[in-house]
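The primary structure of each chain is shown beneath.
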Amino acid sequence: MKLRGVVMLKTLITEYGLPWVINRSLYSVKLKMMRIIPFTEKVFEKTVNVKRINIFEIDAGRIERFLRCLSDKKKEKIIAIADNAVAGKIKAFSSTELDYGNPIRWHYNPILKINANESLKWYRIPDSNPEKEILKASL
């Protein structure tokens, strides 16, 4: 069993690099700590002020100049990606297209085709794949 873990760790380091493995490990520890010791949420959860973009203040000329520099093929690709996103089909992990529906269902797991409980904090929803864990989290 230990050998299997060593092989997996070596594969992760080879595929993603040591910095990613360390960061992901720390992230997993943080999630477990927040689930087990509730007051640690205050340490990790920060209030974020999001600046909303007023679409009427966007410099359309600048966007047009940028688009003019692109080939027709690249323009078509950008338009296709945008059209898919509007339809709720979003590319994930740089290669997999996931369908969240239209309008987008933000609590939907398009891989397992189930909804997570909307009342749960993000760190209470398991990030592993077993369907039973997601279902338990959504009860």
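Residues numbered from 1 in each chain as written. Predicted model: local features only at pLDDT ≥ 70, side-chain atom pairs only at ≥ 80, totals over all residues. Heavy atoms only, no water.

**A short note on the overall build of the protein**
Applicable threshold: Counting from the N terminus, the helices are the DSSP runs of H or I reaching at least four residues and the strands are the DSSP runs of E reaching at least two. Relative accessibility decides the category of a residue: with a 1.4 Å probe and only protein chains considered, values under 20% of the type maximum give buried, values over 50% give exposed, and everything between is partly exposed. The contact rule is simple, with two residues in contact once any of their heavy atoms fall within 4.5 Å.
Each helix and strand in the protein was counted, giving six helices and four strands. Listing each helix as α and each strand as β along the protein from the N terminus yields α-α-α-α-α-β-β-β-β-α. Looking at the protein residue by residue over its 139 residues, the buried ones come to 15%. In the protein, the proportion of contacts linking residues at least 24 apart, taken out of those at least 6 apart, comes to 22%.

**Notes on the side chain of E41**
Topologically, E41 is positioned in helix α3 (residues 41-44). Relative accessible area serves as the criterion here: at 18%, E41 is assigned to the buried category. In contact with E41, not counting residues within four places along its chain, are M34, K121 and Y123.

**Concerning the pairing of strand β1 (residues 89-92)**
Heads up, the condition is: Strand pairing is defined by DSSP finding a minimum of two bridges between the two strands.
Looking at chain direction, β1 and strand β2 (residues 96-99) are connected through four bridges and run antiparallel. Bridge pairing links K91 to E97 in β2. Between β1 and β2, which pair antiparallel and follow one another directly, the connecting turn spans three residues, one of which, F93, has a positive phi of 55°.

**Overview of the packing of aromatic side chains**
Defined as follows: When the centres of two rings from Phe, Tyr and Trp lie within 6.5 Å, Trp using its six-membered ring, the rings pair. Their planes under 30 degrees apart give stacked, over 60 give edge-to-face, and anything left gives tilted. To sit over a ring, a charge needs its Lys NZ or Arg CZ within 6 Å of the ring centre and within 35 degrees of the ring normal.
The full count for this structure, using the stated rule, is one aromatic pair. The ring of Y108 is capped by R105, whose NZ or CZ atom sits 4.0 Å from the centre of that ring.

**Focus on helix α1 (residues 2-16)**
Stated formally: In this scheme, a helix's expected span is set at 1.5 Å multiplied by one less than its residue total.
In this model, α1 (15 residues) spans 21 Å end to end at C-alpha, consistent with the 21 Å of a helix rising 1.5 Å per residue. Sparse coverage of α1 is indicated by the burial of zero of its 15 residues. Immediately beyond the C-terminal end of α1, within one or two residues, lies G17, with a positive phi of roughly 95°.

**Some remarks on the confidence of the model for the protein**
Selection criterion: Every residue is assigned a pLDDT by the predictor, reflecting its confidence on a scale from 0 to 100.
Per-residue confidence for the protein gives a mean pLDDT of 83, with 90% of residues at or over 70. Predicted confidence in the protein is weakest over helix α6 (residues 131-137), with a mean pLDDT of 48, and strongest over helix α5 (residues 72-86), with 92. Note on residues 132-139: pLDDT under 50 across the span, and 19 contacts to partners over four residues away in sequence or across chains.

**Observations concerning the pattern of salt bridges**
Heads up, the rule is: Here, a salt bridge means any side-chain nitrogen of Lys or Arg that lies within 4 Å of a carboxyl oxygen of Asp or Glu.
This model, assessed by the stated rule, comprises two salt bridges. Between E41 and K121 there is a salt bridge, with the nearest N and O atoms lying 2.7 Å from each other. Placement of E41 in helix α3 and of K121 in the loop between β4 (114-115) and α6 is noted, with a sequence separation of 80 residues between them. Classification of K121 as partly exposed rests on a relative accessible area of 40%.

**Details of helix α2 (residues 18-36)**
Helical periodicity: at 3.6 residues per turn, an α-helix aligns residues three or four positions apart in one direction. Let me state the cut-off plainly: Each C-beta atom gives one direction from the helix axis, and the arc is the one those directions make.
The end-to-end C-alpha distance of α2, which contains 19 residues, comes to 27 Å, matching closely the 27 Å that a straight helix rising 1.5 Å per residue would cover. Of the residues making up α2, those classed as buried are V21, L31 and M34. The arc that holds every buried residue of α2, seen down its axis, measures 155°, which confines them to one face. Facing away from the buried side of α2 by over 90 degrees, the exposed positions are P19, L26, K32 and I36. Taken together, the buried residues of α2 touch α1 and α3.

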